[in-house]
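Residues per chain are reported as follows:
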Amino acid sequence: ERDACVDVIIPVYRGLGETRACIESVLHSRLRTRAQIIVINDASPELALAQYLRGLGGAVTVLENDANLGFVATVNRGMALHPERDVLLLNSDTVVANDWLDRLRECAWRDAGTGTVTPFSNNATICSYPRFCQDNALPDGLSVAELDALFRDTNRGASVVIPTAVGFCMYIRRDCLEQVGLFDVALFGRGYGEENEFCLRAARRGWRHLLCADTFVYH
């Protein structure tokens with residue numbers, strides 16, 4: 001039986017300010033979807049960051065790696081926690097807004113063959129806006145929440161097939177994960193490109209990857 005709760009997995013290594021902004025944006029989201037926020041401290045060398053995470057309390061599940069495992073193994077640890085749940089991988093240098101997760105989940109489950117969903121962002125290679133494959137600034141005078149609301153209202157329910165998800169904010173359906181397996185630690189070690197390889201494995205089994213056009217996440 002699929003659990004309706006989604007695990008939002010945030011691997012953390014450096015950067016107290018960015019990490020704090022990310023976690024607080026998730027905590028302040030107005031969601032209908034039940035979500036468990038799972039922050040994994042990958043043996044951060046920053047004492048202030050570790051202390052901040054330990055002080056987060058009950059709203060966030062904080063796990064600590066005994067040694068630095070790198071992104072791939074850390075994410076795999078998070079994805080293995082609840083084998084009946086969908087997962088959302090979120091970089092610790094992102095900011096989310098409004099009902100972002102509801103829209104990503106709706107996009108993921110609209111069609112039986114969808115394995116992963118990625119939102120628009122200012123800096124997410126093939127999902128970048130307004131300039132493709134570039135690191136864009138936010139448009140003048142618009143907050144993340146205002147820009148996300150614009151995407152929601154303009155592109156409601158719209159999606160585009162893409163060759164691979166982008167790992168900064170990646171929704172993965174559990175049925176896809178079960179069939180395809182976790183990220184390949186042996187191949188990618190510390191990590192970079194692991195989500196592409198996962199998506200190619202998924203595509204070979206007939207799964208599609210979507211850009212969720214009605215959601216914007218700052219990166």
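Numbers given to residues run from 1 along each chain, matching the order in which its sequence is written. Local features in this predicted model are restricted to residues whose pLDDT is 70 or higher, and side-chain atom pairs enter the listing and the counts only when it is 80 or higher, whereas totals over whole chains, interfaces and linings include all residues. Processing note: side-chain calculations cover all non-hydrogen atoms of the structure and skip hydrogens and water entirely.

Topic: the overall build of the chain
Here comes step 1: Elements are defined by DSSP. Helices are runs of H or I of four residues or more, strands are runs of E of two residues or more, and each kind is numbered from the N terminus. In terms of regular secondary structure, the chain is built from 8 helices and 8 strands.
Here comes step 2: Over its C-alpha atoms the chain spans a radius of gyration of 16 Å, differing by no more than 12% from the 17 Å that the globule rule assigns to 219 residues.
Here comes step 3: In terms of principal-axis extent, the alpha carbons of the chain reach across some 45 × 40 × 35 Å.
Here comes step 4: Burial statistics for the chain: of 219 residues in total, 52% are counted as buried.
Here comes step 5: Contact between two residues is taken to exist if any of their heavy atoms lie within 4.5 Å; hydrogens are not considered. Of the contacts formed within the chain by residues at least 6 apart in sequence, a portion of 79% connects residues at least 24 apart.
Here comes step 6: Here the chain displays about 9,700 Å² of accessible surface, and carbon together with sulfur accounts for 53% of that area.
Here comes step 7: Of note, the chain has its 22 positive side-chain charges centred 3 Å away from the centre of its 28 negative side-chain charges. Each radius of gyration is computed over the set of C-alpha atoms, and the globule rule expresses the reference value as 2.2 Å times the number of residues to the power 0.38. Working definition: with a 1.4 Å probe on protein chains only, accessible area under 20% of the residue-type maximum means buried, over 50% means exposed, and in between means partly exposed. Shrake-Rupley sampling with a 1.4 Å probe provides the accessible areas, and residues are treated as covered by the protein chains on show and by no other component. Neither His nor the chain termini are counted; the positive set is Lys and Arg, and the negative set is Asp and Glu. Think of each charge as sitting on NZ of Lys, CZ of Arg, CG of Asp or CD of Glu.

Digging into helix 5 (residues 144-154)
Here comes step 1: Among the residues of helix 5, Val144, Leu147, Asp148, Ala149 and Phe151 are the ones counted as buried.
Here comes step 2: Against helix 4 (100-109), strand 5 (114-120) and strand 8 (208-216) lie the buried residues of helix 5.

A few points about the packing of aromatic side chains
Here comes step 1: Classification of ring pairs rests on two measures: the distance between centres of Phe, Tyr or Trp rings, Trp counted by its six-membered ring, which must be within 6.5 Å, and the angle between planes, read as stacked under 30 degrees, edge-to-face over 60 and tilted in between. Counted under the stated rule, the structure contains 5 aromatic pairs.
Here comes step 2: On the numbers, 5.4 Å between centres and 65° between planes, the contact of Phe183 with Phe198 is edge-to-face. One end of the pair, Phe183, is in the loop between helix 6 (174-180) and helix 7 (185-188); the other, Phe198, is in helix 8 (residues 194-204), and 15 residues separate them in sequence. Here the two residues Phe183 and Phe198 agree in accessibility, since each one is buried.

Structural notes on the nonpolar core
The tendency in soluble globular proteins is for nonpolar side chains to be buried side by side.
Here comes step 1: The biggest cluster of nonpolar side chains holds 39 residues, and the ones touching the most others in it are Ile10, Leu88, Leu90 and Trp100.
Here comes step 2: Not counting the four nearest positions on each side in its chain, Leu88 is found in contact with Val6, Asp7, Val8, Ile9, Trp100, Leu101, Leu104, Cys169, Met170 and Tyr171.
Here comes step 3: Joining through side-chain atoms within 4.5 Å is the link that ties buried Ala, Val, Leu, Ile, Met, Phe, Trp, Tyr and Cys residues into a set, and such a set is a nonpolar core. Counting 20 residues, the second largest nonpolar core, distinct from the first, contains Ile9, Leu177, Val180 and Ala202.

Here we look at the sheet that holds strand 2 (residues 35-41)
Here comes step 1: Read from one edge of the open sheet, 8 strands run 3-2-1-4-7-5-8-6, paired in mixed fashion. The strands lining the two open edges of the sheet, one partner per strand, are strand 3 (60-64) and strand 6 (159-162). Put simply, the sheet's adjacent strands are angled 25° from each other on average, direction ignored.
Here comes step 2: Whether two strands pair depends on DSSP finding at least two bridges between them. Sheet analysis places strand 1 (residues 3-12) next to strand 4 (residues 85-90), joined by 5 bridges and oriented parallel. In the sheet register, Asp7 faces strand 4, and the bridge partner there is Val87.
Here comes step 3: Contacts from helix 1 (residues 16-27) reach strand 1, strand 2, strand 3 and strand 4 within the one sheet, and its direction differs from that of strand 1 by about 170°.
Here comes step 4: Here helix 3 (residues 71-79) sits on the sheet in contact with strand 1, strand 2, strand 3, strand 4 and strand 7 (169-172), set at roughly 155° to strand 1. Note on geometry: axes are C-alpha line fits, over the in-contact stretch for helices, and angles between N-to-C directions span 0 to 180 degrees.

Comments concerning helix 8
Here comes step 1: Taken together, the buried positions of helix 8 are Glu194, Glu195, Glu197, Phe198, Cys199, Arg201 and Ala202.
Here comes step 2: A positive phi of about 95° marks Gly206, the residue just after helix 8.

What about the side chain of Asn98?
Here comes step 1: With respect to the helices and strands, Asn98 occurs in the loop between strand 4 and helix 4.
Here comes step 2: N or O atoms closer than or at 3.5 Å make up a polar contact, with two conditions inside protein: a donor-capable atom paired with an acceptor-capable one, and, for residues adjacent in sequence, both atoms drawn from side chains. A polar atom in the side chain of Asn98 sits 2.8 Å from the side chain of Asp148.

Some points on the side chain of Arg85
Here comes step 1: Tracing the backbone through its elements, the reader meets Arg85 in strand 4.
Here comes step 2: In terms of polar contacts, Arg85 uses its side chain to reach the side chain of Gln36, at 2.6 Å.
Here comes step 3: Leave out the neighbours within four places in its chain, and Arg85 touches Asp3, Cys5, Asp7, Gln36 and Arg174.

Re the state of the cysteines
Here comes step 1: Counting rule for disulfides: a pair of cysteine sulfur atoms within 2.5 Å. Considering all chains together, one arrives at 0 disulfides under this definition.
Here comes step 2: Not engaged in a disulfide, the cysteine Cys5 finds its nearest cysteine sulfur in Cys169; these two sulfurs lie 16 Å apart.
Here comes step 3: The exposure class of Cys5 is buried, given its relative accessible area of 4%.
Here comes step 4: Cys107 forms no disulfide, and the closest cysteine sulfur to it belongs to Cys212, at a distance of 4.0 Å.
Here comes step 5: We classify Cys107 as buried; its relative accessible area is 1%.

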